[in-house]
Structure formats: structure tokens, C-alpha cells
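One letter stands for each residue in the lines below.
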Amino acid sequence: MLRRLLPACLLLALAACSSNQGATATAPVSKEELAPAPAASAPVVPAGTSTAVQKHLADYATVKLTADLSKFDARQKKMIALLVEAADSMNALYWKQAWGDRDALLQKIADPATREFAEINYGPWNRLDNDKPFVDGVGARPLGAQFYPADMTKAEFDASPLKDKTALYTLLRRDAQGQLVTVPYHEAYKAELEKTAGLLRQAAKLAKDAGFRKYLMLRADALLSDDYQASDFAWMDMKHNPIDLVIGPIETYEDQLYGYKASYESYVLIKDQAWSAKLARFAKYLPELQRELPVADKYKAEKPGADADLNAYFAVYYGGDANAGAKTIAINLPNDEQVQLKKGTRRLQLENVMQAKFEQIMLPIARELIADDQQHNLSFDAFFQNTMFHEVAHGLGIKETLDGKGTVRKALKDQASSFEEGKADILGLYMVTKLADKGELDKAKLMDNYVTFLAGILRSVRFGASDAHAKANMVRFNFFKQQGAFSRDENTGRYRVDFDKMTAAMNALSAKLLTIQGNGDYEAAKQLTDQMGAVDAELAGDLKRLDQAHIPVDIRFEQGLAVLGLKQP
Ligand SMILES: [Zn+2]
């Protein structure tokens, strides 16, 4: 599953979510993001010219990555600085995996804008535009990046008897005789990894949280052995550490040839303790909310999954793969299925990055498309709530079909993930509504959630509805339209929510999706998507207005020690 082309979950808003509920996922689906455009509408300009690249640079809004570090003492700040240094070392490794010799590439690019754009893309191919080359003479991106020899064919790979050729942490290379050999990452990148491991061990000495200290030590070992399981278990066991780190070779999206090879990346994270406490409180309502679902009893007979390890964080550093092209706003790890089976996964929502995308991308879209008198209902708080409850809502509804034949996922085949995401979207709003009714959330602000929810749908179909998840958003849009949940102003082409009708439509759509899931009714699922999953001419015309508004496609970061006000460790 290619994150940047087919995001696992093309959220309703910039929302993050994770569709590997349970341990059934066969491919890592651990990061999601505001889906970048398959930039079909990008202006056609010759590659390699400064103006062309300037236009592409404007696809990214620049955002500072910071967090309030005032509650940390000097020792913890020093530890954070060491973590940032360690995270930064993933950049050099990722450059090697994605392109090869970074300095050689940058040196041969004379134009500063083009050089900057190469840094953003970790190579000469535009990640937001189907990997189109923007440096003359580099040719097409090799599907296997630098994980395999450039001249290796699939037939040659398939015929090779090498046992660890499909391993996550090996490179394929040629020996002196031209035969394929494997080289483990910890040998290929030994010098860099030793430096990184040293930084993690230094940081571990400063860690106050015992679990985090253990994790850092095990992760340092893992970088040098390519055996990550013990460190993944230690990471799952951490519950209270205010500072967190994701580091190592993790996702396999960069390997577009086979999806076998993991690329290096990193995140340094500061936990939002207040939201984590709130989420723990809301989780107690899950059984009650499940019972109250607006659907026949038999479709809500399962116990809701209340064990979601879901927390909010401020990201202060993105390195390597995480920092290339489109930026993720949520992490769901680890990918190791043995760890998942024993411990589940942790879901981390990256709040400040979500907020940046909300302000830089979603608000400008909503300003064009939401009625004037409801503009004041657009808020990040509402957006963040909708997003968080989307995550929690994956635990509601039903996982096994009523006929006892197996999982909903299996029964709905290629429709499964768009129905699961569509369910989580609509039940997320249902949860917000119910919790407001129960006095847990501010009822006076519920309209913000509804208007922001509608804006989220419009954002998600900004570039059309060509994939399954955008189709799910369109099903919701068209269903809402039929039910009068919103109206379109003829004169302005802007949309206005009708609160009561939207509440009714939310309940009706919830019932519809839950019923199709419970029946495992593939034909009904496909029919709903086919009939209601398309963008009609009127909406397409409204979305066209966004082309003139020069709204960024994604964000890039100003980040590092100086931005955080930290000293070199
Ligand atoms: Zn989701």
C-alpha cells in the first residue's frame, strides 16, 4: 500500500486514522495523513526551470515544529536535544535509501530553489506529483529506490535463492561476479547507526521514566542488530512517559518495487497529557455508546473495543521518510504482527501538525466553500475532536458478520476499508453528539463539529474521488445532500449545515453502514459506492474555485534545536 498515492485512510478531514484494526492487517498501515493530491491539476511547466520549481515549492506551507518545553528541567531538555540529534541522523540514511549520494546531487543543481526542492523530496523526484523528475537528466524514479541494483529485473529477483532477499532490513547488491547478494542494514550503514545508537544511549542515561530508558537502550541495540522486536515490546509497555521517540527502519512505502524494504525515519514527540486524560474518561462511555447506536440490536451485539491505546502528541522533529513529501498526522505502530498480536498497537495523533494542516489547508478551503454565516463555526478544536473520535469510533459497531462466516473485512473485500473508514467518520460525529448530550462536551459548540465535519468532506474530495476512500466521503456527501443535511446557496455556491437534518442524516447513514457491515453484504456495499461515490458537475464546479485560491497541498517544517530553543547536546 503506497502511502503517498493510496493513503490507507483518506480521512474525512485531515483526519488520521488507522485501518489495521485487530491483527488482520497484512501490510503495515501505520501512518496516515492529509492525502496529497494525485496532482492532476498541477500546472504543466517544464521540469528543471526555476519558475517551475518555485510553483512546486508553493505547494508546501512552511510551519514551525515546536512544543511547550517549559515543564521540563535542564536534564530532560538535554535528553530531548539528544533525541533530536538522533532523529536527525535518520535523514542521511534515508537519503542513501531513496536516492544515493545526497551531496553529489545537490552540488550539481545550480538553482537554489531546485536545490531546496530536492531537499524537501530527498531526491530529484516530486513526491506530490507522481514522482515526476524536476532535475534534468535524472530519468524516472527507480521503483525499488536504492534497495535493489538498478539493473535487477523482477525475474532475476524471483529466481534468486537468497533466503533473506525479502527481509525488511536487507539491501540487494551485486558481488564481484555480478551475482545478487544481500547486505543487512546494520552492515551497510554501520558507521551512521553506531553514532545514532550512541546518542540514544546517552539520552537513556538522562531519562527519568524507567520504561523509556529501557526502550532507548533496546532501540540502540536494535539499530545495530536489525532485530527490533524487543524494543517494539518495550515501546508498547510505555504508558506514562511524557517524551517519546519513534526511530528506525519502519515503513515500506519507499520500496515501490516490492514493498519489502523498510526506510529510516524518526519522530520526537511530547505527550499532550490533558488530552490523554480526557480520552481515558471518554473511553468509559464506549459500552453505553455502543448500546445507543441508531441501529437494530443485532448489529450492535459485540462488545466495543475499549483497549485502544490512543494519545495526542506535539511533534517536535520529523526525520527521514517521515519528513519526505506529504507529512503524516498520525502514527499507528508497531508494524511487527507478533507484537501486535500480543500487545496491540499504539496510536499517536500529532496534534500540532494536524493544527498546521487545518490552518494552512483546510481553513482556506472552507473559506471558499462554507456559507459566510457559518464561517465562525470552523474551529480546530472541533476538527481535533472529530478526528480523535473517528479513531475511537473504529471500536464501535461490529467486526464479525451476523451469519458467522467471518470478519466484516473479509466479507466486504475491496469495499471493506472504505466502509470501515466511512463508519468511523460518521460514528465519530455520533460520539461527539452523544457526549455533548451527556454533558461531557460543550453542547453549545456542537454546531462547530458539524460545520467542520462538512468542511472536512469537501476538503477530502478537493482533487476528485478517484480512490475508495474519497468515494466513501462522496457517499457521505451525497447522502447528506439527499437528506437535506446541508444546502447550497445558489448565488454564492457555498454550503450551509442544517443542524437537525444533519443529525437525522448522521443517524440514518450510521444505520445503513452498520447494517451492510453486519450483513457482510458485498453487493450492497458496492452498489452504494457505485451509485453515490461520484463527484457531480455542480460540486466539481465549486471545487474548481479552489484552483484559483492557491491553497497549499501539504506542509514542510522548520525544525531542530534552534527552533526549539535547545542547545547542542
Ligand atoms: Zn480510520
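Right, let's walk through the structure included here.

Rules used in this analysis
- Residues numbered from 1 in each chain as written.
- Predicted model: local features only at pLDDT ≥ 70, side-chain atom pairs only at ≥ 80, totals over all residues.
- Heavy atoms only, no water.
- Helix = DSSP H or I, 4+ residues; strand = E, 2+ residues; numbered from the N terminus.
- Rg over C-alpha atoms; globule rule 2.2 N^0.38 Å.
- Buried < 20%, exposed > 50% of the residue type's maximum accessible area, 1.4 Å probe, protein only.
- Lys, Arg positive; Asp, Glu negative; His and termini not counted.
- Charge placed at Lys NZ, Arg CZ, Asp CG, Glu CD.
- Pairing = 2+ DSSP bridges.
- Salt bridge = Lys/Arg side-chain N within 4 Å of Asp/Glu carboxyl O.
- Polar contact = N/O pair within 3.5 Å; in protein donor to acceptor, adjacent residues only side chain to side chain.

## Regarding the overall build of the protein chain
The helix and strand inventory of the protein chain stands at 22 helices and 14 strands. Taken over the C-alpha trace, the protein chain has a radius of gyration of 24 Å; the compact-globule value for 569 residues is 25 Å, and the two agree within 12%. In the protein chain, which comprises 569 residues, the proportion classed as buried is 58%. Taking the average place of the 71 positive charges on the side chains of the protein chain and the average place of its 75 negative ones, the gap between the two points comes to 3 Å.

## Description of the pairing of strand 14 (residues 554-558)
Among the 5 residues in strand 14, 4 count as buried, and that is most of the element. As paired strands, strand 2 (residues 60-64) and strand 14 are joined by 5 bridges and run parallel to one another. In the sheet register, Val63 faces strand 14, and the bridge partner there is Phe557.

## Re the pattern of salt bridges
All chains considered together, the criterion is met by 36 salt bridges. Here Arg174 and Asp151 are joined by a salt bridge, their closest N and O atoms 3.0 Å apart. One end of the pair, Arg174, is in strand 5 (residues 170-174); the other, Asp151, is in the loop between strand 4 (132-133) and helix 5 (154-159), and 23 residues separate them in sequence. We classify Arg174 as partly exposed; its relative accessible area is 27%. As a salt-bridge pair, Asp297 and Lys300 come within 3.9 Å of each other at their nearest N and O atoms. Residue classification places Lys300 among the buried residues on the basis of a relative accessible area of 13%. Members of the salt-bridge network, linked through shared partners, are Lys481, Arg488, Asp536, Glu538, Asp542 and Arg545.

## What about the side chain of Lys327?
As for its position among the elements, Lys327 is in the loop between strand 9 (309-320) and strand 10 (328-333). Buried within the structure, Lys327 lacks any salt-bridge partner; Asp554 is the closest side chain of opposite charge, at an N-O distance of 4.7 Å. Side-chain polar atoms of Lys327 contact the backbone oxygen of Gly325, separated by 2.4 Å.

## Side note on the side chain of Ser379
Here Ser379 lies in the loop between helix 13 (351-369) and helix 14 (380-393). Look at Ser379 and you get buried, because its relative accessible area is 17%.

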